[in-house]
Amino acid sequence: MQKNVGGFDKWFRIILGIVLLALVFIGPQTPWGWLGLIPLATGLFNFCPLYLLFKVNTHKGN
């Protein structure tokens, strides 16, 4: 699994994931907030399968 997410993209995904997950517990308490696991995981693991499919790379180390 080669890293393809980095920089601003990584931190944006992590923050977005946390905010979406917060919707499960506070605010409207909607189960749609569990979708926040996707950007959170891709940000933490520095890997996005869609980026691989479309040959996008925002990670500077590659």
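Check the entry above for the structure.
Here, residues in each chain are numbered from 1, in the same order as that chain's written sequence. Given that this is a predicted model, residues contribute local features only at a pLDDT of at least 70 and side-chain atom pairs are listed and counted only at 80 or more, while totals for whole chains, interfaces and linings are drawn from all residues. Hydrogen atoms and water are omitted, and side-chain values are computed over all heavy atoms in the structure.

> Tell me about helix H1 (residues 8-25), and name the residues and values.
Strands are runs of DSSP state E lasting at least two residues, helices are runs of H or I lasting at least four, and both sets are numbered from the N terminus onward. Expected span, for any helix, means 1.5 Å times one less than how many residues it has. Here H1 spans 26 Å end to end across 18 residues, near enough to the 26 Å set by a 1.5 Å rise per residue. Tucked inside the fold, the buried residues of H1 contact helix H2 (37-45) and helix H3 (49-54). Positive phi shows up at Gly27, right after H1, with a value of about 75°. Residues are treated as being in contact if the distance between any of their heavy atoms lies within 4.5 Å.

> Account for unusual backbone geometry, naming residues and giving values.
The phi dihedral of Gln29 is positive, around 50°, even though this residue is not glycine. Relative accessibility thresholds used throughout: buried, under 20% of the residue-type maximum; exposed, over 50%; partly exposed, between the two (1.4 Å probe, protein chains only). According to the relative accessible area criterion, Gln29 is exposed, its value standing at 52%. With a phi angle near 60°, Lys55 is a residue other than glycine that sits in the positive phi range. Within the fold, Lys55 resides in the segment after H3.

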